[in-house]
Amino acid sequence: MVYREFGKTGEKISSLGFGCMRLPEKEIGGKKVIDEDKALPMLMRAYELGVNYFDTAPYYCNKNSEMAVGKALKSVRDKVLISTKIPMGDECKDKGHLRRCLEASLKKLDTDYIDFYHFWGINQDCFDAQIMGMDLIGEALRCKEEGLIRHISFSFHDKAEVIRHIIETCPYMESMLVQYNLLDRSNEEMLAYAHEKGLGTVVMGPVAGGRLAAPKELYKKLTGTESATSYELAFKFVLGNTNVSCALSGMQTIEMVEKNVRVINEGAHISEDEWRGLADAMAELKKFAQLYCTGCGYCQPCPKGIKIPKIFEAYTYHNVYGLSELAKKMWEDYQSKEDCAGIDTCVNCGFCEKKCPQKLAVREELKRVVQVLDRL
Ligand code: SF4
Ligand code: SF4
């Protein structure tokens, strides 16, 4: 296992982290519970193979994940870094919310302290109104002084530039957890910024929620060879970025743990030149995609409810990235949604074409694209 400096926290973190949101479950009396016979040895196996960062949260696995993580890692508690989260938004009514949630997590994890305590899935409103406005950050600092939290962190779901606002406003954040992968590089610049400011950076979704796990076509398109799967490529891309400390994977079986560790050990750590080559190749593909539909949404709302960018996006995954299975699934999802109208409802008003900065013949293209998607 390769370990990296975790920002300025003084910790060394394994480059593969365990995302504990999909632990194996079973049903007892109609209720879903963790299948401990499978989950506990799997977590321990990951530890034995060098994984030292375990990320859980109060609601994962029907609220059972924290308990399983605490139980599995009890005997090695001082050798691992446990991360959990405080739910924000509507649930947070006062600053006492932090201590209540923290105490509940400590109890479930059966531990005296949390290594990385995350404000969970925050956006700018939540940061301004709750973390700063209601002084949850002050409460977190008190808990830190009491030794209940070792490091204060946040996980993030908003526009990338909000990360700068958070880090500039609040100097107490020590690490962050954000989405980043080959298909979604929107946080790339902010990962560099956070790294420069001394935060540890953990990436979720390195294989794009499984979307990059299957097809080889993407790797072939990017590198011209078939020597690796796009799954490996996805890890190489994420960990080839030196601003990333750790990539989280939501592992579900011992085989998956062993496979991921193997992928990481056998060279997910590529040189900066190789990484740049991949990033450039990806940008080339994207440029080609952007000539087509940028997803800007100016053609919306279509008066009939045709979600034009969604249809074109599914086509792009097939046509540009070679991710045909994903495109098929996206198209099936689209067709199953009530608020996504079919193109047969188009009344030829022409609004979309007037608005499209790419000057696309939207109506003609929709017909062509839908024929392709229907055949996948
Ligand atoms: S031309 Fe058709 S697709 Fe375009 S905005 Fe009008 S109804 Fe929607
Ligand atoms: S306006 Fe044009 S480029 Fe923008 S999302 Fe619609 S079709 Fe795509």
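Inspection of the region around ligand 2 gives 13 residues, with Cys293, Cys296, Gly297, Cys299 and Cys356 positioned closest. Considering only residue class, the shell around ligand 2 consists of 9 nonpolar, 4 polar and no charged.

Following both chains from N to C, one finds helix α7 (residues 162-169) and helix α8 (residues 188-196) inclined at 15°, their axes separated by 9 Å at the closest point. Considering their axes alone, α7 and α8 lie roughly parallel with respect to each other. Here α7 and α8 pass one another in a crossing that is right-handed. Counting all contacts with α7, which are made through Ile163, Arg164, Ile167 and Glu168, the residues of α8 involved are Glu189, Met190, Tyr193 and Ala194. Residues that form the contact of α7 with α8 fall into these classes: 5 nonpolar, no polar and 3 charged.

Domain boundaries in the protein define domain 1 (3-273) and domain 2 (293-375). Here the C-alpha centre of domain 2 lies 34 Å away from the C-alpha centre of domain 1.

Opposite charge on two side chains allows them to pair when their charged atoms are near. This structure, assessed with the given rule, holds 25 salt bridges. Across the pair Arg100 and Asp94 runs a salt bridge, and its minimum N-O distance is 3.2 Å. Among the residues examined, Arg100 registers a relative accessible area of 49% and is labelled partly exposed. Among the ionic pairs, Arg185 bridges to Glu188, the shortest N-O distance being 2.9 Å. The partly exposed category is assigned to Arg185, whose relative accessible area is 22%. Residues joined by salt bridges that share partners form a network here, namely Lys95, Arg99, Asp135, Glu139, Arg142 and Glu146.

Once that is clear, we can look at the environment of Ala104. Of note, Ala104 is situated in helix α4 (residues 96-109). With relative accessibility at 43%, the residue Ala104 sits in the partly exposed group. A C-alpha to C-alpha distance of 9.9 Å links Ala104 and Glu66, two positions 38 residues apart in sequence.

Relative to the elements of secondary structure, Gly200 occurs in strand β11 (residues 200-204). Measuring from C-alpha to C-alpha, the distance between Gly200 and Lys12 comes to 9.9 Å, with 188 residues separating the pair along the chain. Once you skip the residues sitting within four places of it in the chain, Gly200 turns out to touch Phe6, Gly7, Glu174, Ser175, Met176 and Ser245.

With parallel pairing, the 8 strands of this closed barrel are ordered in space as β3-β6-β7-β8-β9-β10-β11-β12. Shown here is a sheet whose adjacent strand axes are inclined to one another by a mean of 30°, direction ignored. Where α7 meets the sheet, its contacts fall on β8 (114-122), β9 (149-156) and β10 (175-179), and the angle it forms with β9 comes to roughly 155°.

For the rest of this paragraph, the subject is the packing of aromatic side chains. Under the counting rule described, the total for this entry stands at 10 aromatic pairs. Between Tyr53 and Phe116, the aromatic rings sit 5.9 Å apart at their centres with planes inclined by 55°, giving tilted as the arrangement. Taken together, the positions of Tyr53 in strand β6 (residues 53-55) and Phe116 in strand β8 put the pair 63 residues apart, joining distant regions of the chain. Overall, the relative accessible area of 1% leaves Tyr53 in the buried class. A connected cluster of aromatic rings, assembled from ring pairs, spans Phe6, Tyr53 and Phe116. The side chain of Arg164 reaches across the aromatic face of Tyr193, ending 4.5 Å from its centre.

Here Ser105 lies in helix α4. Once residues within four sequence positions are removed from consideration, Ser105 is found in contact with Pro58, Glu66, Thr84 and Lys85.

The rules we used
Residues numbered from 1 in each chain as written. Chains lettered and ligands numbered in written order. Predicted model: local features only at pLDDT ≥ 70, side-chain atom pairs only at ≥ 80, totals over all residues. Heavy atoms only, no water. Near = heavy atom within 4 Å. Nonpolar A, V, L, I, M, F, W, Y, C, P; charged D, E, K, R; others polar. Axes fitted to C-alpha atoms, helices over the stretch in contact; angles between N-to-C directions. Helix = DSSP H or I, 4+ residues; strand = E, 2+ residues; numbered from the N terminus. Parallel < 35°, antiparallel > 145°, perpendicular 65-115°, else oblique. Left-handed = near helix turned anticlockwise from the far one by under 90°. Contact = heavy atoms within 4.5 Å. Domains from an automatic or database assignment. Salt bridge = Lys/Arg side-chain N within 4 Å of Asp/Glu carboxyl O. Buried < 20%, exposed > 50% of the residue type's maximum accessible area, 1.4 Å probe, protein only. Pairing = 2+ DSSP bridges. Phe/Tyr/Trp six-rings, centres within 6.5 Å; stacked < 30°, edge-to-face > 60°. Lys NZ or Arg CZ within 6 Å of the ring centre and 35° of its normal.

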